[in-house]
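Residues per chain are reported as follows:
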Amino acid sequence: MNARTLKIAATAVVLVGALSGLLYTTLSEGTEYYKKVDEVMADPAAWQGKPMNLHGYVVEKSIFAKPNTLEYRFQVQSNGKVIAARYTGVVPDTFKDGSEVVLKGRLGPNGFDVSPNGVMAKCPSKYEANKTPGTPGI
Amino acid sequence: MPALGTFILLTAFVTCAYAIAASVAGARRRSTRLVESGIGAFYFLAALMTVASAVLVHAFVTGDYSIKYVQRYSDSALPLAYKVASYWGGLDGSIMFWVSLLAIFGSLAVYVNRDRHRELIPYVVSVIAATEMFFIFLMIIHKNPFSTFLTTPPAEGAGLTPLLQNFYMAIHPPSMYVGFVSMTIPFAFGIAALVTGHLDDAWLRAVRRWTMLGWLFLSFGLTLGMLWAYEELGWGGYWMWDPVENAGLLPWFTATAFLHSVRVQEQRGMLRVWNVTLVIVTFFLTIFGTFMTRSGVVQSVHAFGEDRELALLFTIFMVAILTFSFAWVIYRLPLLRSRHELDSFVSREAAFLANNWILLFSAFFVLFATMFPTLSEAVTGERLTVAAPFFNRWMLPIGLVLLTLTGVGPLLAWRKSTGANLVYQLKWPVLSFVVTAVALYALGVRVWSSGLCFALSAMVLGTIVQEFVRGAQVRREASGTDIMTALIGLVGRSKRRYGGYIVHVGIVLMFLGFAGEGFRQEEQALMKVGEQLTVGHFAIRHDALRVTNDAQKQMVTGHVSLFQDGKPLGTLEPAKWYFNKREQEPTTEVAIRRAVTEDVYVVLAGFDASAQTATYTVTINPLVNWIWFGFGIMALGTGIALLPERAFAFATATVPSGATGATTAVLLVCLLLPAVAHAQHLESPEARRTTVARTQLEKDLWRELICMCRTCGRKRIGDFCCAHAAKMRAEVAQLLDQGKTRDEVYQYFITQYGSQEPLGAPIDKGFNRLAWLFPYLVGASGAFAVGFVAVRWSRREHEGAATPPATAEDETLQSRLDDELRDLD
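Residues numbered from 1 in each chain as written. Chains lettered and ligands numbered in written order. Predicted model: local features only at pLDDT ≥ 70, side-chain atom pairs only at ≥ 80, totals over all residues. Heavy atoms only, no water.

Colleague: What am I meant to see in the confidence of the model for chain B here?
Modeller: Interpreting fine coordinate detail is not advised for predicted regions of low pLDDT. Residues and elements named next belong to chain B. For chain B, mean pLDDT is 82; residues scoring 70 or higher make up 82% of the total. Low pLDDT (under 50) marks residues 650-661, which in the prediction has 12 contacts with non-local residues, meaning those over four places away or in another chain. Confidence over residues 674-690 falls short of pLDDT 50; this stretch has 30 contacts with residues more than four positions distant or in other chains. Two summary scores accompany this predicted model of the complex, namely pTM at 0.78 and ipTM at 0.76. (pLDDT = per-residue confidence, 0-100. Contact = heavy atoms within 4.5 Å.)

See the structure below:
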C-alpha cells in the first residue's frame, strides 16, 4: 500500500510538474500586456517591441486613410498622452473619432504598429449599458 | 401588472423558504405529511414562476414601458417573436428565466422520481429550492425585472440591440439555460445521496438521463452559439475563446467526463468519490459561468455590464456551495470506498480514467486562461491577456489525445486486456489510421495537426464500424436473423453503448470541421467596380454597391459575382444594415456560399457609396459545415441513448417509429437551422433602389445637407448614415425631378425643419437672411404661446400640479430623483 501511494504520488508530481512547466513556458510566449496609452508613454523605451494590447481613445479628427487603400494613420490618447498608430486592413464599424479602442500590436520607434486585424473598437452599448461611474449602487 | 409580478416574486421567495424548511424537517422527523407539503410547495413554485414569466412576456407584448426592463429591451416596432425573446435578452430577465426553467425542471425531476427514490426526494427539493431562492433573492433586492419608473415612464422603448435581432436569439439562450439548469438536478440528487447516506448507485440511475439531456442541450447551445457567431458576426470563424463562450464550455467538459465515469461506477463500483465530485463541480461551473458573464469580472465582447454587488453575492453563494458540498463528501468518505481497485492500465476503466483526467484538465486550463487577465491583475498588478492562439496551442493537442482515446478506449476490455486481445481489436482501426495518414501525405497535405486529425478520425470511425459489425455478427449467429435486424436489435439491447458510439461519430465529424480550420484562407481588398479578388480556387468580382431602405433599417448591399477556377458560380450579396435609432451599431450581413467541401464567406467590411468602392473580406472555410452536421449525428446518438427502456422492449426487431421520428425531427431541425437563418439575407426586389447621385447638383446637395435624425451627429446625407438620411435623399431627388433649383431645395428643408439646421453651411445672401428670420419668428411665437398656456394652466390648478415642459435638464433630474428614491427603499 505504501509503495503504491508513493508511486501514485510520484506520478502526480511528475505530471503536475511537467504540465505547469509547459504552461509556464507557453504563457510567457502567449501573453500580452494590457496597457493604457499614458502608462506606456510614461516610459516608451521600456515597452518597445513588446506585444501588447493598447487601450485608449481615438483622437478627434486624427484618422487619415490613404485613398483607395486600406492604410490608416491615427492617434490614440488617454489622460492626455498621445501615440501615433499605423494600421493596414479593415477597421470595425465602431472605429471613429473619439471611440474607445484596444489595439493589438507593438510599439516601434515611430509609433504603434497595429498587427493585422488588431483594431478592436468597443461597442458604445453592450447588452447592458455600463453604469456611469459615481452612480450609487442599489 | 408590474406590482403583480413583484408580488409573485416575493411569494415565490417565501414559498422557497417553506419548501426547504418543510422538506428538511419532514425528512428528519420522518413525517410524510411535512415532506408531501414541501413537495406541494415546490410544485407551487413552478406554477408561480410560470405566472411571473407570463406577466413579463405580457408586458413585453403589450409594450408596458412603465417597467424599466421592458422599456430598455424592446420597442413597439419590434416583431412579436423578438418581443417574447426579449424576456431573456437582458440581465434581470435572464435570471428570472433561469429560475423559471429550474422550477419547471426540478418539479419534473421530483415528480418522475417521487416513488422510486422516496428517501432522497426531500433533500432534492430543498437543494433545488435553495438554488432558486438565491436567484429570487438576487432579483428581489438587486435585479427586479418588474421594477418600474418612479417618475413619468417614457412613451417608447429603447429597442433591442440589432445584434440580438435574429433567429438564434430565440433559441440559443434557452438552449444554454436548459443545459445549465439540467445540471442542477444531478447535483441535487448527489447532495441528497450524501446527506441521507444512500450512496449506492441508485441516485446515479436517477440522474443519468438528466445529465444526458442537459449535456445534449448544452452541446446544442454551444453549437448554436458557434453558428450564430459564424453567420452573424462576420469575422469568418465560429469560436474565439471569448470568456462567455468558455463559460458554456466549462460545464460541458465536466458533464462529458461524468457521463463516461458513470459507466465505470456502474460496471466496476469504482470512482465513487470522483463521480460525486464531478457532479458538484459541474453544477459549480454552471453557477460560475453565470457569475462570469453577469458580474463583469472578465472583459468580454458579450458580457453584461460590470456589477460589483452582483459579483459579491455570487461569490458568497459559490463559496457556500463548495464548502457545503465538499464538507459532506469528506464526511461520507468512508461510505464512498471503491469496491475494486484498478487492475491494469490496459483496461477500459483506465481509458475512462484517462479521458476523465484530460477532460477535467481541459476544464481547468480553459478556466485558468479565461481568468488569467483577472488573476494577473490581482497578483502582479499588471493586466496580462492571453488570446485565441494560446488556447489553440493547448487545446489542439488535448483534442487530438481525446480523439485517440475515443478510438482506443471502446476496444479495451474491462479489468485487463491481454496482448492477443489487443491485436485482435486494434488491427483494423490502426490499419485505417495508417492508410489514411499515408494517403493524405501522398496527396500533399502538409498541415500536420489537420492531417493527424483526419487520420485519427479514420481510426475512430474504424473502431466504431468494427464494434457495430462484430456485435451484429454475433447477434445474427445467435438469433439467426438478417444483419439489419441484428443491428437494430443490438442497438436496442444496449442503447447507451451504441448511442454513445453514434455520438462519437458526431464528434469525429465535428473534429473534421475543426481540422478544416488549418486550411483556411483569407484575403481583404478595397475594390472598384469590376475589379476581381482571388482567394485560393475562388475569385470575386465587385459589381455594384446599392443602398436601400425598409421600415426598420437602411441596407448597404455589395453585389458580388463569385467564380471558381474562372467558372461563374452565381452572385453573393454581403451587406451592412443600419437599424433606425441604432445607427452607430450597424450589423454585418455575411454572404455565405455553402458547400460540403468549403464555404466561401464574404463580408462587406467597408464602403464608399459615392465612389462605388467597397472593401471585402473573403474567407474560405473548408469543411466547416461538418461541424453542424456532426452535431445532428450527436443529437441522434443522444436521442437513442435517452430512449426509455420500453421503446425498445416491444420491438427489438423493428425500429420504434415514434422514437426515430422524434430523433429525426431533432436532426432535421438542426440541419434546417442554417437554411432558416439564411433566409434572412434575402431582401425583396422592390425595396431595391439604386442610390447614386445622378447630377452634379444632386451630388453637391448630398454634401451640403445634413441628416436631421439627431443620432448621426450631424453627418451629411451623402454619408449614408441612417434611414433618415435616405428619406432626405429621396426628397432631394423628388424636388430635383420637379425642376427645383438649389435655393428652392434649401428652402424646402428650412421650412420643413424650421431652421437653418439642415444646411451644412449657412447661405449668406440678403434675401435668404430675411427668409431665415421667418421660421425663427414662427418658432419663437410658438414657444411663447406654449409658455403662456402652461403658465395659465398651472395657475388654475394648484402649485404641485404644474407640469413644466420636459427639457433635457429635467430628464437628468428625473433620472437622478429616480436613483435616489430607489436608494431609499
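Colleague: Teacher, can you tell me more about the nonpolar core here?
Modeller: Most often, soluble globular proteins have nonpolar side chains that are buried together. Trp-203 and Phe-365 of chain B are the most contacted members of the largest nonpolar core, which has 186 residues in total. No other element matches the 16 residues that helix α9 (residues 202-233) of chain B contributes to this core. What Phe-365 of chain B contacts, discounting residues up to four positions off in sequence, is Leu-23 of chain A together with Phe-390, Phe-391, Trp-394 and Met-395 of chain B. In this structure, Val-547, Val-556, Leu-604 and Ala-609 of chain B belong to the second largest nonpolar core, which totals 22 residues. (Core = buried A, V, L, I, M, F, W, Y, C linked by side-chain atoms within 4.5 Å. Buried < 20%, exposed > 50% of the residue type's maximum accessible area, 1.4 Å probe, protein only. Helix = DSSP H or I, 4+ residues; strand = E, 2+ residues; numbered from the N terminus.)

Colleague: Looking at this model, I keep getting lost on helix α10 (residues 243-268) of chain B. Mind explaining?
Modeller: For an α-helix, 3.6 residues make a turn, and residues three or four places apart therefore share a direction. Residues and elements named next belong to chain B. Between its first and last C-alpha atoms α10 spans 38 Å; for 26 residues at 1.5 Å apiece the expected length is 38 Å, and the two agree. Here α10 lies mainly inside the structure; 24 of its 26 residues are buried. Looking one or two residues past α10, Gly-269 carries a phi angle of roughly 65°, positive in sign. (Expected span 1.5 Å × (residues − 1).)

Colleague: Could you clarify how one ought to interpret the pattern of salt bridges in this entry?
Modeller: Side-chain pairs of opposite charge can arise whenever the charged atoms involved come near each other. All names here are of chain B. This structure, assessed with the given rule, holds 15 salt bridges over all chains. Ionic pairing is found between Asp-550 and Lys-553, a salt bridge with its closest N-O pair at 2.9 Å. Taking the relative accessible area as the measure of exposure, Asp-550 reaches 32% and is therefore partly exposed. A residue is classified by how much of its surface remains accessible, and Lys-553, at 9% relative accessible area, is buried. The salt bridge involving Arg-594 is made with Asp-599; its shortest N-O contact spans 3.7 Å. Looking at Arg-594, the relative accessible area reads 26%, which means it is partly exposed. Its relative accessible area of 0% is what places Asp-599 among the buried residues. Members of the salt-bridge network, linked through shared partners, are Arg-208, Glu-266 and Arg-496. (Salt bridge = Lys/Arg side-chain N within 4 Å of Asp/Glu carboxyl O.)

Colleague: What should I look at first to understand the packing of helix α13 (residues 348-380) of chain B against helix α14 (residues 388-408) of chain B in this one?
Modeller: All names here are of chain B. Running from amino to carboxyl end, α13 crosses α14 at an angle of 165°, the nearest separation of the two axes being 10 Å. Overall, the two elements α13 and α14 adopt an arrangement that is roughly antiparallel. In terms of crossing hand, the pair formed by α13 and α14 is left-handed. Side by side, α13 and α14 meet where Ala-351, Ala-354, Asn-355, Ile-358, Leu-359, Phe-361, Ser-362, Phe-365, Val-366, Ala-369 and Thr-370 of the first sit next to Phe-390, Phe-391, Trp-394, Met-395, Ile-398, Val-401, Leu-402 and Leu-405 of the second. Tallied by class, the residues present in the contact of α13 with α14 amount to 16 nonpolar, 3 polar and no charged. (Axes fitted to C-alpha atoms, helices over the stretch in contact; angles between N-to-C directions. Parallel < 35°, antiparallel > 145°, perpendicular 65-115°, else oblique. Left-handed = near helix turned anticlockwise from the far one by under 90°. Nonpolar A, V, L, I, M, F, W, Y, C, P; charged D, E, K, R; others polar.)

Colleague: How should a nonpolar patch on the surface be read in this particular structure?
Modeller: The grouping of Leu-163, Leu-233, Trp-235 and Met-240 of chain B at the surface amounts to a nonpolar patch, some 310 Å² of accessible area in total. Relative to the assigned elements, Leu-163 of chain B resides in the loop between α6 (121-141) and α7 (167-182). (Patch = residues over 30% accessible without salt bridge, like charges linked within 9 Å, V, L, I, M, F, W, Y side chains within 5 Å. Areas by Shrake-Rupley, 256 points an atom, 1.4 Å probe, with all protein chains shown as cover.)

Colleague: When you look at the sheet that holds strand β9 (residues 591-593) of chain B in this model, what are you seeing that I'm missing?
Modeller: Through backbone hydrogen bonds, the strands of a sheet pair up, either in parallel or in antiparallel fashion. All names here are of chain B. With antiparallel pairing, 4 strands are arranged side by side in an open sheet as β2-β11-β10-β9. Single-partner strands in this sheet number two, and they are β2 (521-527) and β9. Averaged over all pairs of adjacent strands, the angle between strand axes in this sheet comes to 15°, irrespective of strand direction. Relative to strand β11 (residues 613-622), β2 runs antiparallel, the two sharing 7 bridges. (Pairing = 2+ DSSP bridges.)

Colleague: Would you mind going over the pairing of strand β7 (residues 111-121) of chain A with me for this structure?
Modeller: Side-chain positions along a regular strand alternate between the two faces of the sheet. Residues and elements named next belong to chain A. Strand direction decides the pairing type here: strand β5 (residues 81-88) and β7, joined by 2 bridges, are parallel. Considered in β7, the bridge of Ala-85 is made with Phe-112. Two strands pair when backbone bridges link them, and strand β6 (residues 100-108) and β7 are joined in this way by 7 bridges, in the antiparallel orientation. Within β7, the residue paired with Gly-105 across the bridge is Val-114.

Colleague: How should I be thinking about the packing of aromatic side chains in this particular structure?
Modeller: Any aromatic ring pair is given by two values, namely how distant the centres are and how the planes are angled relative to each other. Residue and element names in this part refer to chain B. The final tally for this structure, using the stated rule, is 52 aromatic pairs over all chains. Considering the side-chain rings of Phe-364 and Phe-368, the 6.3 Å spacing of their centres and the 20° angle between planes classify their relative orientation as stacked. With Phe-364 and Phe-368 both in helix α13 and 4 residues apart, this pair spans about one turn of that helix. With a relative accessible area of 45%, Phe-364 lands in the partly exposed category. Across from the ring centre of Phe-149, 5.9 Å away, lies the NZ or CZ of Lys-68, which sits over that ring. Above the face of the Tyr-424 ring, Arg-470 is positioned so that its terminal group lies 3.9 Å from the ring centre. (Phe/Tyr/Trp six-rings, centres within 6.5 Å; stacked < 30°, edge-to-face > 60°. Lys NZ or Arg CZ within 6 Å of the ring centre and 35° of its normal.)

Colleague: What am I meant to see in the environment of Tyr-87 of chain B here?
Modeller: All names here are of chain B. Relative to the helices and strands, Tyr-87 is located in the loop between α4 (80-85) and α5 (91-113). Since its relative accessible area comes to 4%, Tyr-87 is described here as buried. The spatial distance from the C-alpha of Tyr-87 to the C-alpha of Glu-585 is 22 Å, given a sequence separation of 498 residues. Aside from chain neighbours lying at most four places away, what touches Tyr-87 is Ser-53, Leu-56, Val-57, Phe-60, Tyr-69, Gly-93, Ser-94, Met-96, Phe-97 and Ser-100.

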